[in-house]
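Examination of the molecular architecture
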Amino acid sequence: MHTPLLLARHGQATSGPDHRWDASDPLTELGLAQARDLGAAVAARDPRPDRIVASPAVRAQQTAQACADALGLPIETDERLMEFGSGALSPFTLAEMIENAPYDDIWHPDDAAWDGETIGAFWARTGEAAEAIWQAGGRPLVVSHAGTTQGILRWTMRIPPDAPDSFSLFVGNASLTEVVVRVDRHGRRRAELHRLGAEDHLTTPTGI
């Protein structure tokens, strides 16, 4: 089995220092434009994705819809792709998130976000989602979030969910990350990271 996984982060969805992050946040006008750029980019690939799997968050669904329109594909929704901490309204404004960096204190598997989910449980569910998507085959485009992408990369590198967080790889709005997973002649899974957070298809990247 040889499966290219295209991992896309949603377009820009929040703006303004007083905004509080929520799963119902829609894309901004810029985010919608970024989603269209992303859709055009994935539709121009050869071969093109033949499946779209998305987080249920509004910002991810809207981004996935732009890709679905460009590819002529339906959207599969996987609850396990939801971003960390999305089960409750963020107690921090965007300005406070930037200034206080609360996620710096959430890196051990037993550390929990404001909705009660631990980071270890988050790594486990994103890894389960990645495994299921890979096992289903095809050429999937996975539309989710920055944290979810990191969880899938941990799965790619076989980092167990109970291992403390040890890396941070930035992926911007509507960026593309490409992972190729295959089974070799000995039946062993081999995963390779080919691109990380590519933004060359965007007319206006946000850098966040």
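Residues numbered from 1 in each chain as written. Predicted model: local features only at pLDDT ≥ 70, side-chain atom pairs only at ≥ 80, totals over all residues. Heavy atoms only, no water.

1. Focus on the overall build of the chain
On a plain count of helices and strands, the chain comes out with five helices and six strands. Counting from the amino terminus, the chain carries its helices and strands in the arrangement β-α-β-α-β-α-α-β-α-β-β. Relative to its length of 208 residues, the chain is compact, with a C-alpha radius of gyration of 16 Å against a globular reference of 17 Å. A principal-axis box enclosing the C-alpha atoms of the chain has dimensions of 50 × 40 × 25 Å. Here the chain, with 208 residues, has 49% of them falling under the buried criterion. Within the chain, counting contacts between residues at least 6 apart in sequence, those at least 24 apart form 70% of the total. Each charge sign in the chain was given a centre, from 18 positive and 29 negative side chains, and these centres are 11 Å apart. (Helix = DSSP H or I, 4+ residues; strand = E, 2+ residues; numbered from the N terminus. Rg over C-alpha atoms; globule rule 2.2 N^0.38 Å. Buried < 20%, exposed > 50% of the residue type's maximum accessible area, 1.4 Å probe, protein only. Contact = heavy atoms within 4.5 Å. Lys, Arg positive; Asp, Glu negative; His and termini not counted. Charge placed at Lys NZ, Arg CZ, Asp CG, Glu CD.)

2. A word on the environment of Ser168
Here Ser168 lies in the loop between helix 5 (146–156) and strand 5 (176–183). Note on Ser168: relative accessible area 66%, which makes it exposed. C-alpha separation for the pair Ser168 and Gly147, spaced 21 residues apart in sequence, amounts to 9.3 Å.

3. A few points about the sheet that holds strand 2 (residues 51–54)
The six strands are arranged 3-2-4-1-5-6 in an open sheet whose pairing can be described as mixed. The open sheet terminates on both sides in strands that have one partner only, identified here as strand 3 (76–77) and strand 6 (189–198). The strands touched by helix 1 (residues 29–43) are strand 1 (2–9), strand 4 (140–144) and strand 5; relative to strand 1, the strand with the most contacts, the crossing angle is about 165°. Against the sheet, helix 4 (residues 119–136) contacts strand 1, strand 2, strand 4, strand 5 and strand 6, and its axis sits at roughly 170° relative to strand 2. (Pairing = 2+ DSSP bridges. Axes fitted to C-alpha atoms, helices over the stretch in contact; angles between N-to-C directions.)

4. Examining the pattern of salt bridges
Across all of its chains, the model carries ten salt bridges by this definition. Here Glu131 makes a salt bridge to Arg189, at a shortest N to O gap of 3.6 Å. In this pair, Glu131 sits in helix 4 while Arg189 sits in strand 6, placing the two residues 58 residues apart along the sequence. Look at Glu131 and you get partly exposed, because its relative accessible area is 27%. Asp184 is paired through a salt bridge with Arg188; the nearest N and O atoms lie 2.8 Å apart. (Salt bridge = Lys/Arg side-chain N within 4 Å of Asp/Glu carboxyl O.)

5. Things to note about the pairing of strand 4
Within strand 4, five of the five residues are buried, which leaves the element mostly enclosed by the surrounding structure. The side-chain alternation of strand 4 yields two buried faces, one formed by Pro140, Val142 and Ser144 and the other by Leu141 and Val143. Bridging between strand 1 and strand 4 involves four bridges; their strand directions are parallel. Bridged to Ala8 within strand 4 is Val143.

6. As for helix 2 (residues 58–71)
Count 3.6 residues to each turn of an α-helix, and residues three or four apart come out pointing the same way. Between its terminal C-alpha atoms helix 2 stretches 20 Å, which fits the 20 Å expected from 14 residues at 1.5 Å a residue. When we look at burial in helix 2, the residues that qualify are Arg59, Ala60, Thr63, Ala64, Ala66, Cys67, Ala68 and Leu71. (Expected span 1.5 Å × (residues − 1).)

7. Side note on a nonpolar patch on the surface
Taken together, Leu169, Leu193 and Leu196 make up a surface patch of nonpolar side chains, about 220 Å² in accessible area. Structurally, Leu169 can be placed in the loop between helix 5 and strand 5. (Patch = residues over 30% accessible without salt bridge, like charges linked within 9 Å, V, L, I, M, F, W, Y side chains within 5 Å. Areas by Shrake-Rupley, 256 points an atom, 1.4 Å probe, with all protein chains shown as cover.)

8. Focus: the pairing of strand 2
Of the two faces of strand 2, the one lined by Arg51 and Val53 and the one lined by Ile52 and Ala54 are each fully buried. Where strand 2 meets strand 4, four bridges bridge the pair, whose relative direction is parallel. Across the sheet, Val53 pairs through a bridge with Val142, a residue of strand 4. Two elements, strand 2 and strand 3, share two bridges in a ladder whose sense is parallel.

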